[in-house]
Amino acid sequence: MQGYSIPETTRAYGALLLNGNGERFVDELAPRDVVAAAIVRECEEGRGVETPDGRQSVLLDCRPISPEDAEISLPYMLRRYRAAGIDPLTTPIHTYPVLHYQNGGS
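Quick caveat, the model's predicted, so the values are computed rather than measured.

K.L.:
What is the right way to look at the overall build of the chain in this model?
P.N.:
A tally of regular secondary structure across the chain gives five helices and four strands. Starting at the N terminus and walking to the C terminus, you meet the elements of the chain as α-β-α-β-β-α-α-β-α. Residue burial in the chain is summarised as follows: out of 106 residues, 39% are buried. Intrachain contacts of the chain at a sequence separation of at least 6 include 61% that bridge at least 24 residues.

Here is the structure:
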């Protein structure tokens, strides 16, 4: 799903950021500029994951989030991804910082 902003709260609820080796590479609760820089660095240094259309990303693993919490706190995200045939509570999703975050958006 290209162009969809993932709620920052997913990390607060327990989602993990994983590189192409399946390793955590940043404290997910760090400020978003630190997290964004870490994601870019992982991809630039060859530890990213290739998306189906050939772009670099890392994986956001939402499986640690309880389904009950997600249904209450992340309903819009769940609806969007599930409508596209992806359940982010069972399958890690590609993510990469976008200009919105780099310019200070929330």
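K.L.:
Just checking my understanding: could you explain the pairing of strand 3 (residues 56–61) for this structure?
P.N.:
Each regular strand displays side chains that alternate between the two surfaces of the sheet. Burial analysis of strand 3 places five of its six residues in the buried class, which makes it a mostly covered element. Where strand 1 (residues 16–18) meets strand 3, three bridges bridge the pair, whose relative direction is antiparallel. When the bridges of strand 3 are listed, L18 appears paired with L59. Looking at chain direction, strand 2 (residues 49–50) and strand 3 are connected through two bridges and run antiparallel.

K.L.:
Just checking my understanding: could you explain the nonpolar core for this structure?
P.N.:
In this structure, L17, F25, L60, C62, I65 and M77 are the most contacted members of the largest nonpolar core, which totals 21 residues. Counting only elements with at least two residues in this core, the list comes to helix 2 (32–44), strand 3 and helix 4 (75–83). When residues of this core are assigned to their parent elements, the largest contribution, four residues, is made by helix 2. Setting aside its immediate chain neighbours within four residues, I65 contacts T10, Y13, G14, A15, A70, L74 and L89.

Rules used in this analysis
Residues numbered from 1 in each chain as written. Predicted model: local features only at pLDDT ≥ 70, side-chain atom pairs only at ≥ 80, totals over all residues. Heavy atoms only, no water. Helix = DSSP H or I, 4+ residues; strand = E, 2+ residues; numbered from the N terminus. Buried < 20%, exposed > 50% of the residue type's maximum accessible area, 1.4 Å probe, protein only. Contact = heavy atoms within 4.5 Å. Pairing = 2+ DSSP bridges. Core = buried A, V, L, I, M, F, W, Y, C linked by side-chain atoms within 4.5 Å.

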